[in-house]
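Remarks on the overall topology
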Amino acid sequence: MNNENFKTFFDCGSSKIRAGTFNINNNNEAFYVESEFFTDRSNLELRIQKMIASLEKDTNEYIGNINLMIDSPKMLSVGISLSKKLDGSKLKSANIQFLVQEAKQQILKNYTNHNITHIVINNYKIDDVDYSYLPHEIKCDFISLDILFICLPTDTVLYFKNIFSKSNILIDQIICSSYAKSINYKDSINLSGNMSFIDVGFNKTSVISYFNDKILSFHVLPIGGNHITKDISQILEIDLESSEQKKLNFDQNLKLSSDGDISIETLQKIIFARTEEILELCDKYMKLNSHTSVKSKMVLMGEGSRILDNQHKDKISFSNDIDFLEETSKDICQSGFKFITRLNKQEVVVVPKRQIKYGFFEKFFHFFR
């Protein structure tokens, strides 16, 4: 029997895989599983197969479809602004469709090695008035749209499609993991004003900036937690596996006697030097896209940020207002589930979400697939 009662999500990171499946008829029933930390991806297919078997056992249902949550150091965001003159008549959904479709074709033409994952309308300018969302029943002479495209490398998408196809599993929807998580956490924490979510992964760091409910920018830095591990390995002249363990356990009040009496203080200096570099790079992007001169709040998340939780953030000389958000497999997978089942008025739906009763001006989003 196919998975008619459950929706399944796989968050496939560079060093860990997490999966969750949700009963669409019972909000209280969900199951989660995660892999161990890894750096060798040669047996990734086997890891995924074991996780699928575990979820099928929990749900007593065959998994034939999943929703894939992925990030990549090579993913990118592209902003496009397009405008159209009208005749003072009532604004129609077809006017918006035309502009979005034209922008989409430009992306497909100029970024042939990437797949469009998310299309977000940042701003509607109607007769020189800015709107975060499309207003109802409005007449205008001129409209322009600011559209943000979030794209994943085609080879990364095909790589995971191939892995899941070997288990006879189809991918319903592909979701940018850090983007979906930022939306979920922003809504859950109920933050407002300038805020940025910094998702530190294994080989990349995503910077997603918001002003209230409006996404301002999405940037990806090709640097992450693995770069800290490499610093430790190079400076202390130890292998990468040992360096990773030293990084994860750096806050233990012990001497690293096996490495020639290297102190915890020395290790911390190595770790925090690279951490400050990552945060300073993130801050530059945040300031470029800040909506006001008010200092932006920085929320750290992701596996690579675990070394800098709230008890250690005062050890770096970085002035931003920083909070650490500790994630679980449940948090991550729920971010994907909420993303596809809740209406986001700013986003053009690339793949239709679960059937929800939409208003007239929201239905047109489903034309873009």
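Predicted, not measured: the structure shown is a model, and the values here were computed from it. (Residues numbered from 1 in each chain as written. Predicted model: local features only at pLDDT ≥ 70, side-chain atom pairs only at ≥ 80, totals over all residues. Heavy atoms only, no water.)

**As for the sheet that holds strand β4 (residues 65-70)**
The mixed open sheet is built from five strands, whose spatial order is β3-β2-β1-β4-β9. With one partner strand each, in any of the chains shown, β3 (30-34) and β9 (170-176) form the two edges of the open sheet. For this sheet, the mean inter-axis angle between neighbouring strands, taken without regard to orientation, is 20 degrees. Where β4 lies against β9, six bridges are found, and the strand directions are parallel. Of the residues in β9, the one forming a bridge with Met69 is Ile175. (Pairing = 2+ DSSP bridges. Helix = DSSP H or I, 4+ residues; strand = E, 2+ residues; numbered from the N terminus. Axes fitted to C-alpha atoms, helices over the stretch in contact; angles between N-to-C directions.)

**A closer look at the side chain of His114**
Position of His114 relative to the elements: it lies in strand β6 (residues 114-126). A relative accessible area of 17% places His114 in the buried class. Apart from the residues within four sequence positions on either side, His114 is in contact with Lys74, Leu76, Cys151, Leu152, Pro153 and Thr154. (Buried < 20%, exposed > 50% of the residue type's maximum accessible area, 1.4 Å probe, protein only. Contact = heavy atoms within 4.5 Å.)

**Comments concerning the pairing of strand β8 (residues 142-153)**
For β8, the buried fraction is high: ten of the twelve residues fall into the buried class. Both strand β5 (residues 76-85) and β8 contribute to a ladder of ten bridges, which runs antiparallel. Bridging from a neighbouring strand, Lys84 pairs with Ile143 of β8. Pairing geometry for β6 and β8, over eleven bridges, is antiparallel. Note on β8: the bridge partner recorded for Lys125 is Ser144.

**Section: the packing of aromatic side chains**
Evaluation of the coordinates by the stated rule reveals ten aromatic pairs. Measuring from ring centre to ring centre gives 5.8 Å for Phe22 and Tyr32, while their planes differ by 80 degrees; the resulting arrangement is edge-to-face. Here Phe22 is found in strand β2 (residues 17-23), whereas its partner Tyr32 is found in strand β3, with ten residues between them in sequence. Taking the relative accessible area as the measure of exposure, Phe22 reaches 5% and is therefore buried. On the numbers, 5.8 Å between centres and 70 degrees between planes, the contact of Tyr179 with Phe339 is edge-to-face. Here Phe339 lies in helix α8 (residues 329-341) and Tyr179 lies in helix α4 (residues 177-189), a separation of 160 residues in the sequence. Following the ring pairs from residue to residue traces out a cluster consisting of Phe9, Phe22, Tyr32 and Phe337. We note Lys84 situated over the ring of Phe98; from NZ or CZ to the ring centre the distance is 4.5 Å. (Phe/Tyr/Trp six-rings, centres within 6.5 Å; stacked < 30°, edge-to-face > 60°. Lys NZ or Arg CZ within 6 Å of the ring centre and 35° of its normal.)

**Overview of the state of the cysteines**
Under the defined criterion, the tally for this structure stands at zero disulfides. Unpaired in this structure, Cys333 has its nearest cysteine sulfur neighbour in Cys12, at a distance of 9.8 Å. (Disulfide = S-S within 2.5 Å.)

**Quick word on the sheet that holds strand β14 (residues 321-324)**
Sheet architecture is open: five strands sit in the order β12-β11-β10-β13-β14, paired in mixed fashion. Looking along the sheet, the strands with just one partner apiece sit at the ends: β12 (214-221) and β14. The average undirected angle you get between the axes of adjacent strands in this sheet is 20 degrees. Direction of pairing for strand β10 (residues 194-200) relative to strand β11 (residues 205-211): antiparallel, over a ladder of seven bridges. Residue Val200 lies in a different strand from β11, and its bridge partner there is Thr205.

**Concerning the pattern of salt bridges**
As enumerated under the stated definition, the model contains 17 salt bridges in all. Ionic pairing is found between Asp130 and Lys125, a salt bridge with its closest N-O pair at 2.8 Å. Classification of Asp130 by relative accessible area gives partly exposed; the value is 47%. Two residues, Lys181 and Glu327, come together in a salt bridge whose shortest N-O distance is 3.1 Å. A residue pair is termed long-range when its members are at least 10 positions apart, and Lys181 in helix α4 and Glu327 in the loop between β14 and α8 qualify at 146 residues. Bridged by salt links that share partners, the residues Asp11, Lys16, Arg18, Glu34 and Glu303 form one connected network. (Salt bridge = Lys/Arg side-chain N within 4 Å of Asp/Glu carboxyl O.)

**A closer look at unusual backbone geometry**
In the Ramachandran plot, Glu137 falls in the positive-phi region, its phi being about 50 degrees despite a non-glycine side chain. Structurally, Glu137 can be placed in the loop between β7 (129-131) and β8. Its identity is not glycine, yet Asn212 carries a phi of approximately 55 degrees, on the positive side. Examined against the element boundaries, Asn212 turns out to sit in the loop between β11 and β12. Assessed through its relative accessible area of 34%, Asn212 is described here as partly exposed.

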